[in-house]
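Geometric and topological summary
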Amino acid sequence: MGLRRIRVLFRDWRVREEIDEIRHRHDRELRFLCDAMLVQLGHWLRAAGYDTLIAAQRTADRALVARAIIDDRVLLTRDRKLCEIRDAGRHTVLLRSQRIDELVADITPRLGIDWLARPFSRCLVCNTELRPAPPLARSRLPPAVLETVSEINHCRQCDKLYWAGGHVRRMMQRLARWQAGDFT
Ligand SMILES: [Zn+2]
């Protein structure tokens, strides 16, 4: 076995993830911290209802790990170096895929993600839990929407409104596909 191969094996051993422990500790509800390269995955986790923070660009690796530990969040990253930080392995899940469907296919069985847990219960922009829209906020929508949609939710943090329009319906279909194990 060549030296290079040994180095690779040693590195893989050092960055091993402790998925069982992560799942056990977060038995009731997983909460996530996505690094800045996984913004899209973070938005989809929010769409499914998971409490998910997305790191700002250029956040230091150590700061990310510290945040995951303090908040008791699962840190999702593609950065292998990050996993070598002390205590990171107990809080970090290393992802290898690039495309969103592949990322989803990867984490769904590993972490037991339920894509239909509480869909569209959180703001996709800021992660705040949504509430039924108050009348003043509802009044901003066009009459055609108000006539056809019964449930309209509101983010009190960023004032965004959510309802089952075409975009949300398409996202729901994708969540349902993922939940059914279809990651194509
Ligand atoms: Zn918001």
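Remember, predicted model here, so these are calculated numbers, not experimental data.

Right, let's talk about unusual backbone geometry for a bit. With phi around 55 degrees, F120 is a residue other than glycine that occupies positive phi space. With respect to the element layout, F120 can be found in the loop between α5 (100-111) and β5 (131-132).

This paragraph deals with the nonpolar core. Grouped together as the largest cluster of nonpolar side chains are 33 residues, with contacts concentrated most on F32, L33, C34, L41, A48, L75 and L76. Where this core is concerned, the elements lending two or more residues are β1 (32-34), α3 (39-48), α4 (61-71), β3 (74-77), α5 and α8 (166-179). Broken down by element, the residue count for this core peaks at five residues, all from α3. Lining this core are residues from two domains, each supplying at least three of them: domain 1 (3-111) and domain 2 (131-179). For F32, the contacting residues outside a window of four places in its chain are L45, Y50, T52, R73, V74 and L76.

Note on placement: V65 falls in helix α4. Between the C-alpha atom of V65 and that of G89, which follows or precedes it by 24 residues, the distance is 9.4 Å. In this structure V65 touches L75, L82, I85, D87, A88 and H91, once residues within four positions along its chain are discounted.

In this model, the protein carries a mean pLDDT of 89, and residues with pLDDT of at least 70 account for 86%. Mean pLDDT across the elements of the protein bottoms out in helix α1 (residues 3-14) (60) and peaks in strand β2 (residues 52-54) (98).

Here we take up the sheet that holds β2. Read across the open sheet, the four strands follow the order β2-β1-β3-β4; overall the sheet is parallel. Because the sheet does not close on itself, it has two edges, and the strands there are β2 and β4 (92-94). The average undirected angle you get between the axes of adjacent strands in this sheet is 25 degrees. Here β1 pairs with β2 via three bridges, running parallel. Among the inter-strand pairings, F32 is bridged to a residue of β2, identified as T52.

About the criteria used
- Residues numbered from 1 in each chain as written.
- Predicted model: local features only at pLDDT ≥ 70, side-chain atom pairs only at ≥ 80, totals over all residues.
- Helix = DSSP H or I, 4+ residues; strand = E, 2+ residues; numbered from the N terminus.
- Core = buried A, V, L, I, M, F, W, Y, C linked by C-beta atoms within 7 Å.
- Buried ≥ 20, exposed ≤ 12 C-beta atoms within 10 Å, placed from the backbone.
- Domains from an automatic or database assignment.
- Contact = placed C-beta atoms within 7 Å.
- pLDDT = per-residue confidence, 0-100.
- Pairing = 2+ DSSP bridges.
- Axes fitted to C-alpha atoms, helices over the stretch in contact; angles between N-to-C directions.

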